[in-house]
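Chain residues, written in single-letter form:
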Amino acid sequence: MSVLDVSIPKFDGPDLLNAEVVLNRSELFRAECKRLITESESACIRMQDGDSKRLDQRVRDIQFLRKEVEMKLEELIPEIDALEALHSRVVKALSMNQDAMKVTLLCLEARRKRAPSDRVHDAVDAELLKECSMFQEVTSLLQIVLEQIAEQIRLNRSAKFYLEQDLKEKSQAQNIDNSCALMTVQTIPNLQLSKKNITMLSSATVSPKQWENISDLNIARAEQQKNNSLSLRALVESLLAQSADDMQKQFRATNEAFQLNIQLLKAAKTQLEDKLPKVICEISNLQRAREDLLAAIAESDQFLSLAQARLLLRKERPGKEQCLDAAQVQLLAEVEQLNLHITKLREELALSEEEQRALVRCQLELQENIEIKTNSLYIDEVVCMQLREPIVICHV
């Protein structure tokens, strides 16, 4: 019997069948594991790619909104600066207006010190009162404008704060998402994440639409305040220009009234000064006339005494010689005429005394009026005009 002919016994028992089954199942399990591993690796790579793309898209979205916010912030900041500069200009205009009003009040007060005869409500007083009223109105208007500018600056700064806060948060979010996009398996940071933390992270606080609306709202708020600022600045510029023009016009009108009144005062003072020497000269002439009258009265008295002496002496004639002759008639007529002349001369002397007193009163009145006009001229030309000279009303 050869070796080839030796028969090998077969074992077809349960142990062999069980081993075959186990081997087949193990092979299938290994194949499934390999498939799962391959599928898991593909899914991880696919998900990582998706994550990176979504993170990149998110970064671009943030960058876009950041750009919008930055542009609006760049528009708003100069507007705040412009409003602050305008606020300073209004403060300066208000200060200039108050200084000018003080001068107007000082002029009114100075003109009250004129003599009673010159203390009349003239054109200068009327213009000064109009000027004072205008300054008061402009002061009230500028104070209201200052409050409006301050409030608008506050609103602009509030809008700026929200834009800056939004920009800061988006910068942080962009940096975080950039880091997430660049993160790999090898660069995973050591973060202690629990299931609880992961659950909390999965619950977002705002939706993408809400996230976008927050920036849109901040941008819209800033745009609204910027437009309000532009409108307010245009209005204030117009008010400053109009009020400056009105005050300049009124200031010129008051100065013209002053100049006209100064000319009238100078003309009146010149007329009084021209009249005064004539009155003084007339007083001297009248004094000489009175002296002449006195001399004439004295002379006439002498002639009257002579005529009366002659009449008295002729009464001593003998009775038959007391004739009403031509000499006697002439002497009687002479006495009568001389009495008439002396009476008239005395009347003229009395009238001359009255005329002299009237001339003296006129002289005193002229001197007093000259002093009054001099004082009024000093108040208007020196005091008031020097007070008004430094005042410059311009469009600040």
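Reading guide: rules and limits
Residues numbered from 1 in each chain as written. Predicted model: local features only at pLDDT ≥ 70, side-chain atom pairs only at ≥ 80, totals over all residues. Heavy atoms only, no water. UniProt positions renumbered as here; feature names shortened; annotations may be inferred. Helix = DSSP H or I, 4+ residues; strand = E, 2+ residues; numbered from the N terminus. Rg over C-alpha atoms; globule rule 2.2 N^0.38 Å. Buried < 20%, exposed > 50% of the residue type's maximum accessible area, 1.4 Å probe, protein only. Polar contact = N/O pair within 3.5 Å; in protein donor to acceptor, adjacent residues only side chain to side chain. Contact = heavy atoms within 4.5 Å. Axes fitted to C-alpha atoms, helices over the stretch in contact; angles between N-to-C directions. Parallel < 35°, antiparallel > 145°, perpendicular 65-115°, else oblique. Left-handed = near helix turned anticlockwise from the far one by under 90°. Nonpolar A, V, L, I, M, F, W, Y, C, P; charged D, E, K, R; others polar. Expected span 1.5 Å × (residues − 1). Bend = angle between axes of the 7 residues up to and from the residue. Phe/Tyr/Trp six-rings, centres within 6.5 Å; stacked < 30°, edge-to-face > 60°. Lys NZ or Arg CZ within 6 Å of the ring centre and 35° of its normal. Core = buried A, V, L, I, M, F, W, Y, C linked by side-chain atoms within 4.5 Å. Patch = residues over 30% accessible without salt bridge, like charges linked within 9 Å, V, L, I, M, F, W, Y side chains within 5 Å. Areas by Shrake-Rupley, 256 points an atom, 1.4 Å probe, with all protein chains shown as cover. Salt bridge = Lys/Arg side-chain N within 4 Å of Asp/Glu carboxyl O. Lys, Arg positive; Asp, Glu negative; His and termini not counted. Charge placed at Lys NZ, Arg CZ, Asp CG, Glu CD.

The name recorded for the chain in an unreviewed UniProt entry is Tektin, from Gambusia affinis. Checking UniProt for the chain, the heading Subunit (unreviewed entry) contains the comment "Microtubule inner protein component of sperm flagellar doublet microtubules."

Engineer: Hey, could you run me through the overall build of the chain in this one?
Structural biologist: Summing up its helical and strand segments, the chain has 5 helices and 0 strands in all. Scanning the chain from its N terminus toward the C terminus, one meets helices and strands in the order α-α-α-α-α. Taking 21 Å as the expected radius of gyration for a compact globule of 396 residues, we find that the chain reaches 61 Å, considerably beyond that expectation. Each principal axis of the C-alpha distribution contributes one length, and for the chain these read about 250 × 30 × 30 Å.

Engineer: Please clarify how the UniProt feature "coiled-coil region" (unreviewed entry) in the chain should be interpreted in this entry.
Structural biologist: Following the UniProt record, the feature "coiled-coil region" (unreviewed entry) maps to residues 328–355 here. As a span, residues 328–355 carries 100% helix and 0% strand, and end to end its C-alpha atoms are 40 Å apart.

Engineer: Explain the side chain of Ser215 to me, please; I cannot follow it from the model alone.
Structural biologist: Here Ser215 shows up in helix α4 (residues 208–314). For Ser215, a relative accessible area of 0% corresponds to the buried category. A distance of 2.7 Å separates polar atoms of two side chains, one belonging to Ser215 and the other to Lys170. Here Ser215 is in contact with Leu65, Val69, Asp166 and Lys170, once residues within four sequence places are set aside.

Engineer: Help me understand the packing of helix α2 (residues 123–182) against α4, please; the structure alone is not making it clear to me.
Structural biologist: Each packed pair of helices is defined by two parameters, the angle between the axes and the distance between the axes. One can describe the packing of α2 onto α4 by two numbers: an axis separation of 9 Å at closest approach and a directional angle of 165°. As judged from the angle between their axes, α2 and α4 are roughly antiparallel. In the packing of α2 onto α4, the handedness of the crossing is left-handed. Residues that form the contact of α2 with α4 fall into these classes: 26 nonpolar, 12 polar and 7 charged.

Engineer: Is there a simple way to explain helix α5 (residues 326–388) in this structure?
Structural biologist: Each turn of an α-helix holds 3.6 residues, which means side chains three or four residues apart point in the same direction. For α5, spanning 63 residues, the distance from its first C-alpha to its last is 88 Å, which sits close to the expected 93 Å at 1.5 Å a residue. Along α5, the largest kink reaches about 25° and is centred on Tyr378.

Engineer: Just checking my understanding: could you explain the packing of aromatic side chains for this structure?
Structural biologist: This structure, assessed with the given rule, holds 1 aromatic pair. Aromatic pair Phe161 and Tyr162: ring centres 5.6 Å apart, planes at 70°, arrangement edge-to-face. The ring of Trp211 carries Arg58 above its face, with NZ or CZ at 3.8 Å from the centroid. The ring centre of Tyr162 lies 4.6 Å from the NZ or CZ of Arg221, which sits over that ring.

Engineer: So what exactly am I meant to see when it comes to the nonpolar core here?
Structural biologist: One broad rule of soluble globular proteins: the nonpolar side chains tend to lie buried together. Membership of the largest hydrophobic core comes to 37 residues, with the highest contact counts inside it found for Val90, Ile149 and Val236. Broken down by secondary-structure element, the contributors of at least two residues to this core are α1 (14–111), α2, α4 and α5. In terms of residues, this core owes the most to one element, α1, which gives 11 residues. Setting aside its immediate chain neighbours within four residues, Val236 contacts Leu86, Val90, Val145 and Ile149. Residues Leu304, Ala307, Ile342 and Leu349 belong to the second largest nonpolar core, which totals 11 residues.

Engineer: In this structure, what is going on with a negative patch on the surface? I would like to understand it.
Structural biologist: Together, Asp61, Glu68, Glu212 and Asp216 give the surface a local cluster of negative charge. At the level of elements, α1 and α4 are the ones that each hand at least two residues to the negative patch. Relative to the assigned elements, Glu212 resides in helix α4. Given the relative accessible area of 35%, Glu212 is considered partly exposed.

Engineer: Help me understand the pattern of salt bridges, please; the structure alone is not making it clear to me.
Structural biologist: Oppositely charged side chains can pair when the atoms bearing their charge come close. One pass over the full model with this rule turns up 28 salt bridges. Put simply, Asp380 and Arg111 hold a salt bridge, and the shortest N to O gap is 2.9 Å. On the criterion of sequence distance, the pair formed by Asp380 in helix α5 and Arg111 in helix α1 is long-range, its members being 269 residues apart. Arg111 matches Asp380 in its accessibility class, with the two residues each being buried. One salt bridge in this structure joins Glu164 and Lys160, with 2.8 Å as the shortest N-O distance. Residue Glu164 and its partner Lys160 are located together in helix α2, separated by 4 residues, close to a single helical turn. Assessed through its relative accessible area of 33%, Glu164 is described here as partly exposed. Here the salt bridges share partners, and the residues they tie into one network are Arg111, Arg114, Asp122, Asp125 and Asp380.

Engineer: How do you make sense of a nonpolar patch on the surface when you look at a structure like this?
Structural biologist: A cluster of nonpolar side chains, Met183, Val185 and Ile188, forms an exposed patch at the surface whose accessible area comes to about 300 Å². For Met183, the location among the structural elements is in the loop between α2 and α3 (195–202). Looking at Met183, the relative accessible area reads 32%, which means it is partly exposed.

Engineer: In this structure, what is going on with the environment of Gln152? I would like to understand it.
Structural biologist: With respect to the helices and strands, Gln152 occurs in helix α2. By relative accessible area, which is 8% here, Gln152 ends up buried. Considered as a pair, Gln152 and Ser229 are 77 residues apart in the sequence and their alpha carbons are 6.7 Å apart. The contact partners of Gln152, leaving out residues within four places of it in the chain, are Leu83, Gln225, Asn228, Ser229 and Leu232.

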